[in-house]
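Examination of the molecular architecture
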Amino acid sequence: MKTELNIKNDLSGKDFSDVFNSIIESRNIHNPDEFFNPSDEFINDPFDLKNMDVAAGIAFDIISKRKPVLVYADVDTDGICAASIVVRYLRFFDLDVRTYINEGKIHGTTDEFVNLNNLPEDIIIVDSLDSTVNRYRKLKTKGHRVIVLDHHAITKDYDKYITLVSSQRDYSNNSLCGAGVAWQFTRAVDSMLGTMYSEQLSTLAFVGTVADMMELDEDHMENRAIVNKGINDCNSPICKTLGGGFSGFNSHAVSFGIGPLVNASVRMYQGNVALDAFLTDDDDTRKELIKSMKKCKDAQNTEVESHWKTIETQLNGQENNQIIYVFLPEDCPDTVTGLIGNRLLGTYQKPVFVLVDRSSVITGSARSVGTNDFRKLCNSTKKCKANGHESAFGIEILKEEFKDFIDDISNKLKDFEFSRTLNVDALIDSEVVNDTFVWRNGSYDKITGQGFEQFTFAIDIEEYEISNMSNGKHLKIVTDNMIFVEWNTKCDWDRLKEASLLGETIRCVGSLASSYFGKTRYNVMYLDYYEVLD
């Protein structure tokens, strides 16, 4: 796929103060001090959320009467953080707080849960709104009082059956995540009780915000304030443990450390282990649970690798197609199809379908890059059901219509040229990248994610050594003052070594960090792209 670089600032020869001032100006940040260090004043009053007064009143009743309560968690990092906020908050009052989480990646309540006979009267569901009211109706019929704290699209009138508090209901920040709504819930209860326990739970709200890819631009300062507060407070035991491997506890630690570990546990049907790890206060227990989570990640990777030879065989002859698709065995967990899709997308840079044949229907995951809304394009065929994000979604196709579906998509894309534009904040000299520069860059990168990505730099290098890590799995380019790393590389080793011998310039594009490799700390660029210049 063709990549075009949009370099916004050529800052060759400039010192680091000029570099950062120019980037901030080109990013159209109107008040840098406020943007990079947002105060708590940007956090809204929790009672701005519709029905919060009712939900907090129910919580007041539960606490004052010391009633048992069950907290129902969603099966992702945001959901587990949201559940941990509510559970930990209610535990401050020494209540009987029970938890429930589905196996795998099942969102919402299930018939199995609703039919349980030993449920307490009060149930708080976090980050897991059902698409219908049927199970809520049944829970109410059985005498349960249900609060749902959520942020997903509202498709039905739920108010007859539950107390729904959602950032999608006339709230100024509709990008407040499930953990954010849950934290606001604890703040509301605090205000009724005159307590301040919610102050000890802000880090979980930050983790949920970044992990669920909520907006972090200048129009969503509440989210930035929550992230900033959560980083500064650092009051979650598991986040202190898991975030310690990164240079500073920040958004990067969530995106590349905590989130993937939780998601791996969920994919391996061990979401309960992740939830327990977030809830325990015993250091030894937490360490053992984290070990189990890491084993889940290893098992997830092993599962992916176990299918790779079969996948490569199926890919023969598809290299020149506009789309590629592969089938996995029927016993392959649904939870890994997206992972395989991500890996294939990284290699082929074109739309990918990773599918499982389930008799009359074919299900799986789709991934795409270089198209505006691939999900919409798939649904336009009228031969599938595609649900999820625009470029990453689950898909279901009737088996009898599969061939026509593939032909239809291929025809729609037959004249399409896949390309991407990579925005680069600045072209800089490698000599300017020292410890002070990287530290300053890290202070700006602390609150990054959806809507405000890390600063991206381009550096031209002329003297370098081509190396690798993990037996050629990762590319490493070494210069006299820094190293450049591409994870899971598909590089042309011979071409790069030739470029090194001939002294050809390589333009490296990526983000900067200070990281340990072995026992030595280096200034590092993590590569998004590189090219040998003519």
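The structure presented is a predicted model; accordingly, all values stated were derived computationally and were not measured. Numbering of residues starts from 1 in every chain and runs along the sequence as written. Thresholds applied to this predicted model are a pLDDT of at least 70 for local features of residues and 80 or more for the giving and counting of side-chain atom pairs; totals over whole chains, interfaces and linings are not thresholded and use all residues. Side-chain calculation: all heavy atoms of the structure are included, whereas hydrogens and water are not.

Focus: the sheet that holds strand S6 (residues 163-166)
Convention followed: In this scheme, strands are said to pair when DSSP sees at least two bridges between them. Segments assigned H or I by DSSP are reported as helices when at least four residues long, segments assigned E as strands when at least two residues long, and all are numbered from the N terminus. To define axes, lines are fitted to C-alpha atoms, for helices over the stretch in contact only, and angles between the resulting N-to-C directions are given on a 0 to 180 degree scale.
What the five strands build is an open sheet, ordered S3-S2-S4-S5-S6; its pairing is parallel. The open sheet has two free edges, formed respectively by strand S3 (97-101) and S6, since each of these has just one partner strand. This sheet shows a mean twist of 20° between the axes of neighbouring strands, independent of strand direction. Across four bridges, the pairing between strand S5 (residues 145-150) and S6 is parallel. In the strand pairing of S6, Asp150 is matched with Ser166.

Topic: a nonpolar patch on the surface
So the rule is basically this: Patch definition: residues above 30% relative accessible area lacking any salt bridge, with like charges linked at up to 9 Å and the nonpolar side chains Val, Leu, Ile, Met, Phe, Trp and Tyr linked at up to 5 Å. For the area figures, the Shrake-Rupley method with a 1.4 Å probe applies, and any residue is considered shielded solely by the protein chains shown. In the sections that follow, a salt bridge refers to a side-chain nitrogen of Lys or Arg positioned within 4 Å of a carboxyl oxygen of Asp or Glu.
Taken together, the side chains of Phe47, Phe60 and Met192 define a hydrophobic patch exposed on the protein surface, amounting to about 250 Å² of accessible area. Along the polypeptide, Met192 turns up in helix H7 (residues 178-193).

Thoughts on the sheet that holds strand S11 (residues 392-398)
Note the cut-off: Residue contacts are defined here by distance: any two heavy atoms, one from each residue, within 4.5 Å place the two residues in contact.
Across the sheet, five strands lie side by side as S7-S8-S9-S11-S10; this open sheet has mixed pairing. Looking along the sheet, the strands with just one partner apiece sit at the ends: strand S7 (324-328) and strand S10 (384-388). Going from strand to strand, the sheet's axes swing by 25° on average, the running direction of each strand aside. Across five bridges, S7 lies against strand S8 (residues 352-358) in parallel orientation. Within S8, the position partnered with Ile324 by the bridge is Val352. This element, helix H15 (residues 337-348), spans S7, S8 and strand S9 (361-367) of the sheet and lies at about 145° to S8. Together, S7, S8, S9, S10 and S11 form the strand contacts of helix H17 (residues 402-412), whose direction differs from that of S11 by roughly 135°.

Observations regarding the packing of helix H13 (residues 283-306) against H15
For the record, the criterion: By the definition used in this description, the sense in which the near helix is turned from the far one sets the handedness, with an anticlockwise turn below a right angle giving left-handed and a clockwise turn giving right-handed. Throughout, the ten residues Ala, Val, Leu, Ile, Met, Phe, Trp, Tyr, Cys and Pro are labelled nonpolar, Asp, Glu, Lys and Arg are labelled charged, and all others, Gly among them, are labelled polar.
Running from amino to carboxyl end, H13 crosses H15 at an angle of 65°, the nearest separation of the two axes being 10 Å. In this structure, the crossing between H13 and H15 has a hand that is right-handed. Of the residues in H15, those touching H13 at Gln300, Val304 and Glu305 are Leu339, Ile340 and Arg343. Among the residues forming the contact of H13 with H15, the class breakdown is three nonpolar, one polar and two charged.

Quick word on the packing of aromatic side chains
Stated formally: By convention, a stacked pair of Phe, Tyr or Trp rings (six-membered ring in the case of Trp) has centres within 6.5 Å and planes under 30 degrees apart, an edge-to-face pair has planes over 60 apart, and any other such pair is tilted. Throughout, exposure labels follow a simple rule: accessible area from a 1.4 Å probe, protein chains only, divided by the maximum for the residue type, with under 20% read as buried, over 50% as exposed, and the rest as partly exposed.
Scanning the model with the defined rule gives 26 aromatic pairs in all. Ring geometry for Phe92 versus Tyr197: centroids 4.5 Å apart, planes at 10°, classification stacked. One end of the pair, Phe92, is in the loop between helix H4 (77-91) and S3; the other, Tyr197, is in the loop between H7 and helix H8 (202-211), and 105 residues separate them in sequence. Here Phe92 falls in the partly exposed class, since its relative accessible area comes to 28%.

Points about helix H11 (residues 251-267)
Note the cut-off: Between the first and last residue of a helix there are one fewer steps than residues, each counted as 1.5 Å, and that sum is the expected span. A residue's bend is given by the angle between axes fitted to the 7 residues ending at it and the 7 residues starting at it. N or O atoms within 3.5 Å of each other form a polar contact, as long as, within protein, one can give a hydrogen and the other can take it, and as long as residues adjacent in sequence are counted only when both atoms are side-chain atoms.
Taking 1.5 Å as the rise per residue, H11 with 17 residues should run 24 Å; its terminal C-alpha atoms sit 22 Å apart, in good agreement. A bend of about 35° at Gly259 is the largest found in H11, and the proline Pro260 appears one to four places after it. With 12 of 17 residues buried, H11 is to be regarded as a mostly interior element. By the burial criterion, the buried members of H11 are Ser251, Ala253, Val254, Gly257, Ile258, Gly259, Leu261, Val262, Ala264, Ser265, Val266 and Arg267. N-cap assignment for H11: the residue whose side-chain oxygen lies 3.1 Å from the backbone N of His252 is Asn250.

Considerations on the side chain of Lys446
Test applied: The charge count treats Lys and Arg as positive and Asp and Glu as negative. His and the chain ends do not count.
Within the secondary structure, Lys446 is located in the loop between helix H18 (435-445) and strand S14 (457-461). Buried charged residue Lys446 carries no salt bridge. Nearest counter-charge: Asp233, at 10 Å. With near-sequence residues (within four places) excluded, Lys446 lies in contact with Phe36, Asn37, Asn228, Ile231, Asn232, Asn250 and Ser251.

Topic: the pattern of salt bridges
A complete count under the given rule lists 24 salt bridges for this structure. As a salt-bridge pair, Glu121 and Lys67 come within 2.8 Å of each other at their nearest N and O atoms. Of the two residues, Glu121 sits in the loop between helix H5 (111-114) and strand S4 (122-126) while Lys67 sits in the loop between helix H3 (52-64) and strand S2 (69-73), which places them 54 residues apart along the sequence. By relative accessible area, Glu121 is classed as partly exposed at 39%. Here the residues in one salt-bridge network are Asp61, Lys65, Lys67, Glu121, Asp122 and Arg145, joined through shared partners.

Describing the packing of H4 against helix H12 (residues 271-279)
We count it as follows: Each angle is binned into one of four classes, with values under 35 degrees roughly parallel, values over 145 roughly antiparallel, values of 65 to 115 roughly perpendicular, and all other values oblique.
Taken N-terminus to C-terminus, the directions of H4 and H12 make an angle of 45°; their axes are 9 Å apart at the nearest point. Relative to H12, the element H4 is oriented oblique. The chirality of how H4 crosses H12 is right-handed. Between H4, through Ile80, Cys81, Ala83, Ser84, Val87, Arg88 and Arg91, and H12, the contact on the second element is made entirely by Gly271, Ala274, Leu275, Phe278 and Leu279. Its residues assigned to classes, the contact of H4 with H12 comprises eight nonpolar, two polar and two charged.

A word on the nonpolar core
Cut-off, in case you're wondering: What is meant by a nonpolar core is a set of buried Ala, Val, Leu, Ile, Met, Phe, Trp, Tyr and Cys residues, joined one to another through side-chain atoms within 4.5 Å.
Val86, Leu90, Ile124, Leu149, Phe185, Ile258 and Phe278 are the most contacted members of the largest nonpolar core, which has 73 residues in total. Look past the residues within four positions of Leu90 in its chain and what remains in contact with it is Ile63, Val69, Leu95, Val97 and Ile124.

Things to note about the confidence of the model for the protein
Here is the rule: What pLDDT expresses is the predictor's confidence in each residue, scored from 0 to 100.
With 99% of its residues at a pLDDT of 70 or more, the protein has an overall mean of 93. Per-element confidence in the protein ranges from a low mean pLDDT of 84 for helix H10 (residues 237-242) to a high of 98 for H7.

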